[in-house]
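Observations on chain architecture
Given next are the chains, with one letter for each unit.
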There are 2 protein chains.
Amino acid sequence: MKFKIAIIGTGNVAWHLAPALEEAGHTVTEIYGRSEKKAASITQKLYTADVKTDLDFTTSEAEIFILAVKDDSIMDIADEIILPEESILVHTSGSVPLSALGYSSASYTGIFYPLQSFSRDRAITFEEVPFLLESEDQATLQKLKKLAKSLSQRQYVVKSKDRKALHVAAVFASNFSNHMLRLAEEVMARQGLEFEMLKPLIIETISKSLELGAKKAQTGPAVREDLHILEEHHQFLNYNEQVAEIYRLISQDIIDSN
Amino acid sequence: MKFKIAIIGTGNVAWHLAPALEEAGHTVTEIYGRSEKKAASITQKLYTADVKTDLDFTTSEAEIFILAVKDDSIMDIADEIILPEESILVHTSGSVPLSALGYSSASYTGIFYPLQSFSRDRAITFEEVPFLLESEDQATLQKLKKLAKSLSQRQYVVKSKDRKALHVAAVFASNFSNHMLRLAEEVMARQGLEFEMLKPLIIETISKSLELGAKKAQTGPAVREDLHILEEHHQFLNYNEQVAEIYRLISQDIIDSN
């Protein structure tokens with residue numbers, strides 16, 4: 001089943017999703033952006049998509065409208081956009097509930113959330129991106145499943161409430177693990193040591209954790225309850241009270257959950 | 001330059017290091033273990049190494065003695081071990097200072113620290129393992145460099161003080177990033193969601209972070225200062241006060257260091 005799809009937004013999700021949809025055989029009809037230039041930078045990569053800078057889609061041939069904009073803008077644009085009859089409006093956010101589309105002119109609404117971190121300069125293998133889908137309309141949900149299946153091997157139907165939990169988990173797994181690397185970078189830089197030294201350890205740690213599970217994979221002074229080392233490290237970090245407290249608190253939580 | 005080497009210890013470092021030393025052309029003369037069985041499980045993988053259960057190495061042909069035992073045992077074993085003349089005693093720990101070997105009978109002492117997380121069941125590519133070396137004796141340091149070079153492309157001379165900083169950084173980069181995955185696992189399990197869903201995100205996050213640096217790679221509600229989402233997530237975690245506090249504190253630190 002091939003769809004005609006309009007994309008509203010010119011950010012990193014739109015940037016990667018639009019050509020992937022074409023490659024999967026769908027037709028991207030329009031790219032909407034407040035900035036004509038940004039929208040054109042995406043349509044240039046596509047066959048026949050038009051640039052659009054207004055939200056009146058009455059004459060669009062698209063059936064599915066994908067809102068790939070910032071979380072804060074989803075509700076405003078959903079309220080403003082004028083859609084043809086029988087159209088489906090979805091957003092791509094992990095943290096905005098389906099109800100945010102409730103006041104739109106769409107006949108059907110849904111979520112089409114690719115659970116991945118998108119950057120303009122990094123290629124994305126869509127085949128492995130989990131798509132989290134939601135709709136109160138069964139026919140719409142089936143269409144979203146088919147659309148996701150054309151891009152990826154992984155589709156999950158996840159309700160807004162579960163998607164919120166998933167977003168919390170993603171913050172720990174992604175944003176916070178990245179911040180731990182940031183804090184490691186800072187300790188190394190402060191001491192004039194090359195961060196390169198730590199990269200093989202980081203790669204092995206994450207590989208091991210994903211293979212064995214994080215509990216089994218844990219090593220280090222906290223899980224060994226080596227209080228002497230924990231105290232030394234805490235002292236070492238006394239130049240930054242907040243980071244010292246992060247060290248203390250995570251170590252305590254590793255001990256408590258052992 | 002090929003060395004004759006005795007290994008004291010039967011843990012994961014000894015398990016991986018002993019065969020790697022042989023593959024690099026060195027001779028492993030003895031494996032010492034308090035448990036004969038454990039020592040034998042390693043010598044079985046080697047050509048001619050003997051099992052040893054006492055610490056009198058007077059008649060050993062080895063020149064380099066590698067102490068690959070628990071941090072807490074290093075000083076005790078260093079004090080107890082009887083070494084031949086002109087021998088070099090090194091330990092493999094990231095957190096124990098060189099001075100811990102100060103009362104040993106060794107003519108020369110040093111550090112031979114492979115900066116990696118070793119597990120019995122996971123193969124190690126020694127070529128990419130950074131070896132952190134230290135000795136107050138220049139000839140010893142040269143020998144340790146040659147030994148490390150025979151195993152790996154990466155050798156660094158790092159003083160005990162810097163090695164301590166490096167260990168703090170490694171705790172953040174490895175143990176704490178692993179604990180963030182653990183907390184993500186728990187949020188998912190609590191909600192009945194498959195952790196599998198998050199794996200592509202984790203892999204992309206870490207790859208991106210190592211390529212761009214963690215500051216540039218950061219995404220999510222904290223770096224966007226989306227206080228509304230941060231408050232929602234904090235509320236969501238109210239079933240575990242300590243984890244909620246970890247969420248609050250790391251988010252604050254991401255905001256502060258932005």
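Criteria and cut-off values
Residues numbered from 1 in each chain as written. Chains lettered and ligands numbered in written order. Predicted model: local features only at pLDDT ≥ 70, side-chain atom pairs only at ≥ 80, totals over all residues. Heavy atoms only, no water. Least-squares fit on C-alpha atoms with pLDDT ≥ 70 in both. Contact = heavy atoms within 4.5 Å. Pairing = 2+ DSSP bridges. Helix = DSSP H or I, 4+ residues; strand = E, 2+ residues; numbered from the N terminus. Axes fitted to C-alpha atoms, helices over the stretch in contact; angles between N-to-C directions. Buried < 20%, exposed > 50% of the residue type's maximum accessible area, 1.4 Å probe, protein only. Right-handed = clockwise from strand over helix to strand, strands pointing away. UniProt positions renumbered as here; feature names shortened; annotations may be inferred. Buried area = accessible area lost by both parts, 1.4 Å probe. Salt bridge = Lys/Arg side-chain N within 4 Å of Asp/Glu carboxyl O. Nonpolar A, V, L, I, M, F, W, Y, C, P; charged D, E, K, R; others polar.

With an unreviewed UniProt entry as reference, chain A is termed DUF2520 domain-containing protein, source organism Arthrospiribacter ruber.

A word on the relation of the copies chain B and chain A. Comparison of the two chain copies shows a relationship of rotation about an axis with a shift along it. Between the two copies, chain B and chain A, the superposition gives an RMSD of 0.0 Å; the rotation angle is 180 degrees and the shift along the axis is 0.0 Å. The superposition operator between the copies reduces to a two-fold rotation axis. It is B:Ser177 whose C-alpha, among those of chain B, lies nearest the rotation axis, at 2.2 Å. A high fraction, 100%, of the interface residues of chain B reappear at the interface in chain A, so the copies pair face to face through one surface.

Here we take up the sheet that holds strand E2 (residues 27-32) of chain B. Residues and elements named next belong to chain B. Reading across from one edge, E3-E2-E1-E4-E5-E6-E7-E8 is the order of the eight strands in this open sheet, with mixed pairing throughout. Of all strands in the sheet, those with a lone pairing partner are strand E3 (50-52) and strand E8 (155-157), marking the two edges. Averaged over neighbouring strand pairs, the angle between their axes works out to 25 degrees when direction is ignored. With respect to the sheet, helix H3 (residues 71-80) is in contact with strand E1 (4-8), strand E4 (64-67) and strand E5 (88-91), its orientation differing from that of E4 by roughly 145 degrees.

All right, on to the pairing of E4(B) then. All names here are of chain B. A two-sided burial pattern is seen for E4, the buried positions comprising Ile64 and Ile66 on one face and Phe65 and Leu67 on the other. Two strands pair when backbone bridges link them, and E1 and E4 are joined in this way by four bridges, in the parallel orientation. Among the inter-strand pairings, Ile8 is bridged to a residue of E4, identified as Leu67. This β-α-β element, E4 to H3 to E5, shows right-handed connectivity.

Now for the UniProt feature "domain: DUF2520" (unreviewed entry) in chain A. With numbering matched to this structure, UniProt assigns "domain: DUF2520" (unreviewed entry) to residues 129-253 of chain A. For residues 129-253 of chain A, the helix share is 69%, the strand share is 6%, and the end-to-end C-alpha distance is 31 Å.

Attention shifts here to the interface of chain B and chain A. Note on interface size: it is often stated as the accessible area lost on association of the parts. Listed per partner, the contact involves 89 residues of chain B and 89 residues of chain A. Of the roughly 8,600 Å² buried where chain B meets chain A, counting both sides, 64% is carbon and sulfur surface. Across the contact surface, chain B and chain A share 10 salt bridges. Close ionic contact of A:Arg224 with B:Asp71 constitutes a salt bridge, the shortest N to O distance being 3.9 Å. If you list the elements that add at least two residues to the side of chain B that touches chain A, you get H3, helix H5 (160-190), helix H6 (199-212), helix H7 (214-217), helix H8 (227-236) and helix H9 (241-256) of chain B. Considering each element in turn, the side of chain B that touches chain A owes the most residues, 26 residues, to H5(B). Residues that form the side of chain B that touches chain A fall into these classes: 43 nonpolar, 23 polar and 23 charged.

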